[in-house]
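Read off the chains here:
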Amino acid sequence: MNRLAVTAAGLLVLFAFGTWMAWSYVTDATFVDARYAQNLAEGHGLVYNVGDHNPVEGFTSLLWTLWQSLFALFGADPVLVAQVTGVAAGVATLVLLMRAVDGAAAVVAGCAYVLFLPTYFHLAGGLETGLVALVVLRMAVLGMRVVEERHVVDLEPPLLLVLAATLRPEALIAVLPGFIVWFRSRRLSGQARVGLTIAAVLAAGCVVWTIVQYSHLVPKPWSDAVGSIGFDGAWLWSTVVVFAPLLLLTVALLTWPELRRVGVFFCVTVLAAGVPLVLFGPPEADALHRYAFTVFPVLCLASGVAVAAMAGVRFVQAGVGILAVGWVAVAGVMSPGLPAVANTGVDLERTHAAIGRALADADVPAGARTVAVADPGVIPYYSGWNAVDYSGRNDGLIADGARPDSVVRTHDPAVIVVPSPGENIPDTVHDLDIPIAVAGYSQIGPFQARSGSWQFVFAKPEWAQQVEVKVRAAVARGEQQYGNDYSVTVNRWLNSLKD
């Protein structure tokens, strides 16, 4: 077995360990996608609520949600499917990094990817992040091969373009440089024409279906999160600091004449992925630079190529490789967002999931089972109740401009759940006037998820006793299972791994 194979085997072991460490992390948004997928699998359509006549595209990724629904048809849990698929995409990314280049380049690229701790949270979190990064990397590899005048399968780039577009809007921009490089060189080949035709048909079908179904092209979470054009210097600076050596090595490719064309291609790909986020602002909840992770494997690959080009001076090559990988590894561990992310899964299980399961078990008639929530994922998913998402992302009326107060009042929910940063009931949440909305309801709780995060549960008097008994019992079981440490620290996460 050669050294590269031994290195790859070692990295796979580290990868498995990192996945185990991050496995408890699942985002609330993952359960939103799963709810859409479950409804589709059960024949209700790609809707948030069964029977929704004014649906909104509240899921983050069309293709990701369809993929989960495919397995849900056979009884699989969409959330588990999402997590397993994310990890599988991560393994494929590591294999691609190690196979796209040789020697020192493969070692640096693979080590940077595996030793970056946020990698595992992005893969295990249940969102499409890992698959998006894999698609962008694959297009970058194909673009590199075209620049180097090596063989590529011409069916692939057009299909990757459609794949990226149906995964996430900014992924389409990130793969455009690779597609353009390929198109200029290979568009007249027979395979290219077939691939372009298939891609055009698929793209047209997606566009028509999305407009007919939702009357818009961009998913609601994305259109809500992206701000007006400007310059987000804070996001840019924090991202540059984390990936500084990888960025510098990517730019350094321009200094080698024989690598200049490849360097230009990599630099343009990185800019294409990053500029939209800098100009329009990254979507909210960009924990651990999730949106920069789109191009992270490309940076790993480009850095590996740059380090390999230093082969003439061995100690310089080794030193630069160790510095680059070490910097990224330390930056990932030291990320200020790590404590909150690492404990999110436990915190959601202890409160949100407990409340959702309690509502599912509560003795409330089917016709009255409506819950109003600001966090539209975990509680609606586990409860199975009709849900009013007063954040507006999964409610067509609010998305079209209706006031949350009027929408909640119209639905007359049996239960209203209100998030709060403290033990006091907030005055407003997502423009919902809380005192007015909960007037006449009985308060249950509050229940603490973590430091700075509480959930107030309000139930109509006729259902209050049934709901309170179930909710308190479920939360108590959650606390018994996960403990009553609510601190947002890395130590709490590490201690949970020991148990």
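Residues numbered from 1 in each chain as written. Predicted model: local features only at pLDDT ≥ 70, side-chain atom pairs only at ≥ 80, totals over all residues. Heavy atoms only, no water.

## As for unusual backbone geometry
Worth spelling out the cut-off: For the purposes of this entry, the term helix denotes a DSSP run of H or I that reaches at least four residues, the term strand denotes a run of E that reaches at least two, and both are numbered from the N terminus. Remark: exposure states derive from per-residue accessible area (1.4 Å probe, protein chains only) relative to the maximum for the residue type, with buried under 20%, exposed over 50%, and partly exposed in between.
Cis geometry marks the peptide bond from Gly 445 to Pro 446; its omega dihedral reads 15°. On the secondary structure map, Pro 446 appears in strand β6 (residues 442–450). You will see that His 289, though not glycine, has its phi angle at about 55°, which is positive. Structurally, His 289 can be placed in the loop between α14 (260–280) and α15 (296–308). For His 289, a relative accessible area of 12% puts it in the buried group. Of note, the phi angle at His 430 is positive, near 50°, even though the residue is not glycine. Tracing the sequence through the fold places His 430 in the loop between β4 (428–429) and β5 (432–433). On the basis of relative accessibility, which here comes to 44%, the residue His 430 falls in the partly exposed class.

## Looking at the packing of helix α1 (residues 3–22) against helix α4 (residues 78–100)
To keep it simple, the criterion reads: Here the axes come from fitting lines to C-alpha atoms, over the contacting stretch only for helices, and the angles between their N-to-C directions go from 0 to 180 degrees. When an angle is under 35 degrees it counts as roughly parallel; over 145 it counts as roughly antiparallel; between 65 and 115 it counts as roughly perpendicular; any other value is oblique. Two helices cross in a left-handed way if the nearer one is turned anticlockwise from the farther one by less than a right angle. They cross in a right-handed way if the turn is clockwise. By the convention used here, residues are in contact when the closest approach between their heavy atoms is within 4.5 Å. Side-chain classes follow a simple rule in which Ala, Val, Leu, Ile, Met, Phe, Trp, Tyr, Cys and Pro form the nonpolar group, Asp, Glu, Lys and Arg form the charged group, and the remainder, Gly included, forms the polar group.
Viewed as axis vectors pointing N to C, α1 and α4 meet at an angle of 160°, and their least axial separation amounts to 11 Å. On the basis of the axis angle, α1 is roughly antiparallel to α4. For the crossing formed where α1 meets α4, the hand is right-handed. Residues Leu 4, Thr 7, Ala 8, Leu 11, Leu 12, Phe 15 and Thr 19 of α1 form the contact with α4, whose participating residues are Val 87, Gly 90, Val 91, Leu 94 and Met 98. Of the residues that constitute the contact of α1 with α4, the class distribution is 9 nonpolar, 3 polar and no charged.

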